[in-house]
Amino acid sequence: MTTADRKPRVLSGIQPTSDSFHLGNYLGALRQWVALQDVADAFYMVVDLHAITVEHEPKVLHERSRVSAAQLMALGVDPERSALFVQSQVPEHPMLAWIMGAQTGFGEAGRMTQFKDKSAKQERTTVGLFTYPILQAADILLYQTDQVPVGEDQRQHLELTRDLAIRFNGTYGQTFTVPDAYIVKETATIKDLAEPEKKMSKSSASPRGCVYLLDEPNQMRKKIKSAVTDSDAEVRYDPERKPGVSNLMNIYAALGSTTLDKIEAEYAGRGYGDFKGDLAEVVADSLGPIAARTKEYLADRAELDRILAKGAEKARQVASRTLAKAYKKIGFFPPVAL
């Protein structure tokens, strides 16, 4: 296969910092991961190294990593068509991160807006949180990644990755592929059901603000039916004046494979009761099977761990070659195989 014929390589990761992914994760990124398997050489990882930049309980982290992998498979990530692995199973990640850290200016790292935002919310700010984008750069560069699916909140980190790759290549010779952003088809940001001016997040102030993929179907229905709307009672898309209703319409359009115009036409004059009731069923029908499949994968943990180990072996075949190349270029002795 020639370079022109091969599929572009994509890489993405998600943190195991919650017991379940949520609807915003699914519609904003994870559904795209599944689709990308058809057109790309995909590497997907549960980024547990990144997860320890905040306080955590080791046993909980270990279990959440496994549950995260099971959810990804339940969503349609196929270990036979992509490399699915846990980041800490590939030791080349922190090894390359050290090299990339030596290429990064202190001012460059300090300008990362996510560090500023996250450190402002934590009582204890670690060096790990400060160097998080450097590890992320190593994650990407290890696999000679062509394209990285990114949202707006990660664009700055990808630009740092590109800068580091170009800088290293210019100083030591061609070593890393300079990755491009993979722009997913336009997907509306899913908002908190209780506070629709905020992005849906596991840190929602209200337990009813976030729909989790592992919620029971009745929990999902209850959250949708109790979502904040307004007193107008008109199903109309207007994110500024009607953020709650507009958010629900975005969810309906994404899960129901329809358009905002069709939703407005269908519920003209019918009010919020009918709309929320129907949406509640769409959400439960769409997400309910994910929880069931996740439980099936978790029922045989030995097999799940075997799948992840196999994915890590596939990842290491690529990562070890890249690290050996970087070691040679920078003047290190070659790494000894573990």
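Residues numbered from 1 in each chain as written. Predicted model: local features only at pLDDT ≥ 70, side-chain atom pairs only at ≥ 80, totals over all residues. Heavy atoms only, no water.

### Considerations on the domain arrangement of the protein chain
Short version of the rule: Per the annotation, domain bounds derive from an automatic or database assignment of domains. Note on definitions: a residue-residue contact is assigned when non-hydrogen atoms from the two residues lie within 4.5 Å. Buried area is understood as the total, over both parts, of accessible area removed when two parts are fitted together, assessed with a 1.4 Å probe. Secondary structure elements follow DSSP: runs of H or I no shorter than four residues count as helices, runs of E no shorter than two count as strands, and numbering proceeds from the N terminus.
When cut into domains, the protein chain gives domain 1 (9-187 + 301-330) and domain 2 (217-295). Each partner contributes residues to the interface: domain 1 has nine residues there, and domain 2 has seven residues. Summed over both partners, the interface of domain 1 with domain 2 buries about 710 Å², with 77% contributed by carbon and sulfur atoms. Put simply, the parts of the chain that give the side of domain 1 that touches domain 2 at least two residues each are helix 1 (23-36) and helix 3 (58-75).

### With respect to the side chain of K276
This is how it is decided: Any N or O atom pair separated by 3.5 Å or less is treated as a polar contact, with the protein-specific requirement of one donor-capable and one acceptor-capable atom, and with residues adjacent in sequence counted only for side-chain atom pairs.
By secondary structure assignment, the location of K276 is in helix 13 (residues 271-298). A polar contact of 3.3 Å, which involves the side chain of K276, links it to the backbone oxygen of K225. Of the polar contacts made by the side chain of K276, one reaches the backbone oxygen of A227; its length is 2.5 Å.

### Here we look at the pattern of salt bridges
Heads up, the rule is: The rule for a salt bridge is simple: a side-chain nitrogen of Lys or Arg has to be within 4 Å of a carboxyl oxygen of Asp or Glu. Relative accessibility decides the category of a residue: with a 1.4 Å probe and only protein chains considered, values under 20% of the type maximum give buried, values over 50% give exposed, and everything between is partly exposed.
Per the stated rule, a full pass over the model turns up 24 salt bridges. Residue R66 is joined to E63 by a salt bridge in which the shortest nitrogen-to-oxygen separation is 3.2 Å. Of this pair, R66 and E63 both sit in helix 3, separated by three residues, roughly a single helical turn. A salt bridge links R236 to E234, with the nearest nitrogen and oxygen atoms 3.3 Å apart. We classify R236 as partly exposed; its relative accessible area is 27%.

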